[in-house]
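# Residue-level structural notes
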Amino acid sequence: MDIQLRVLQAEHGDSIIISVEFEGEKRNILIDGGPSQAFEVQNIPRELQLNLNGVKAHSQVIDLLVLTHADDDHIGGLLAGFNKYGYLSELTQEVWFNSGKLIFSHFNKPISDSNFVMLKNSIGPNTSTGQGISLENHLEGRKNSAGKVMWSHSLIKTGDEFVRFGCNFKILSPSLSKLNKLLTAWETDRLNSNTSAGNKDYDDSFQELLNNDKFIEDRKPHNGSSLAFIFEFHNKKILLLGDSHPTVIAESIEELGYTADKRLCIDYVKISHHGSKANTNDALLSLIDSENFIISTNGNFHGLPNKKTLARIVAHFPNANLMFNYPELINEIFTEDEISNASFNAVACEGIIHI
């Protein structure tokens, strides 16, 4: 079986499902859940819930749930899925989650309630909405359908490597130094992605954007704490960057032995932080070789994706496929002349991508 990759329409956030067949069974990996409205709005199912309904309909499970970091546009949909009876609490077999509690414990720092990610209410078919429980406490000791503990409390960091159902995961981010920076930034209310939109740079050409291009890296500790990894199955590779910082990713790729002369070959790249210009730089792009670059966002917040990021990608990969899970962004970002005269392809990545 090939890899089936679904980049869900998760509003301005990320939610990705990877499915493979191993030992005659379909295995599903869910990476992030977008904001809460990616799961449902006023009890109307949205993309994440609809896909989980498909998993349930085929008597499958979420074999691995990966939460890259605790920003609302990545965790909100997962919290909604844990809150709704019959979904993530019952479907999930294993969780990767660098919780605030886990990070503070690793660095021997005192833990307070502000370090916990809160569910709206405890889980169950007859739960009143007034009750509250932390996701950490909900996962604590919780067992999956096979009777095994769902969350191992293992801190996942740069340099770690895991094998699950024939899939290899090489962890590129976060570094311990980035996690340490998060200690002073952890907030009771997770960073809200619903802030005012940044200025869009869509009126400028690629050349204008690249003239005197000076890279300034994202400094947000929450993004720096993001999980990012190389996913490999049957010699096919996907680079899943969450909202990670590119200097950490580049350093990790170099630690694996890759250079600008010996580049890491990747089938698909999920670009970091919804195409922000602060999370993709030339140093990172010079270390990889790929044709397919996925941008996950509806474009409604922060002016993302930045066209400058796309310009950097095309400068390195003139024939790149720029893939949008909200394809209406293509005509917003590019003029008809840019599309017709381009060496690159701007395409939709709706539905299942077979790798």
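## A few points about the packing of aromatic side chains
All told, the structure shown has 10 aromatic pairs when counted by the stated rule. Geometrically, the ring pair formed by F169 and F229 is tilted, given 5.7 Å between the ring centres and 55 degrees between the ring planes. Here F229 lies in strand β12 (residues 228–233) and F169 lies in strand β11 (residues 167–173), a separation of 60 residues in the sequence. Across the pair, F229 and F169 agree in class, each one buried. Look at F169 and F231: their rings are 5.4 Å apart centre to centre, the planes differ by 75 degrees, and that puts the pair in the edge-to-face class. Note that F169 is positioned in strand β11 and F231 in strand β12, a separation of 62 residues in sequence. The residues F169 and F231 share a single accessibility class, namely buried.

## Points about the pattern of salt bridges
Applying the stated rule across the entire model yields 15 salt bridges. A salt bridge links K101 to E140; the shortest N-O distance between them is 3.3 Å. Of this pair, K101 sits in helix α4 (residues 100–106) while E140 sits in the loop between α5 (135–139) and β10 (161–164), placing them 39 residues apart in sequence. The partly exposed category is assigned to E140, whose relative accessible area is 39%. It is possible to trace a salt-bridge network through shared partners that takes in E25, R27 and D63.

## Considerations on the pairing of β11
Within β11, 6 of the 7 residues are buried, leaving the element largely enclosed by the surrounding structure. Judged from the 4 bridges that link them, β10 and β11 form a sheet pairing that is antiparallel. Opposite V163, over in β11, you have N168 as the bridge partner.

What counts, and at which threshold
Residues numbered from 1 in each chain as written. Predicted model: local features only at pLDDT ≥ 70, side-chain atom pairs only at ≥ 80, totals over all residues. Heavy atoms only, no water. Phe/Tyr/Trp six-rings, centres within 6.5 Å; stacked < 30°, edge-to-face > 60°. Helix = DSSP H or I, 4+ residues; strand = E, 2+ residues; numbered from the N terminus. Buried < 20%, exposed > 50% of the residue type's maximum accessible area, 1.4 Å probe, protein only. Salt bridge = Lys/Arg side-chain N within 4 Å of Asp/Glu carboxyl O. Pairing = 2+ DSSP bridges.

Keep in mind these values describe shape, not function.
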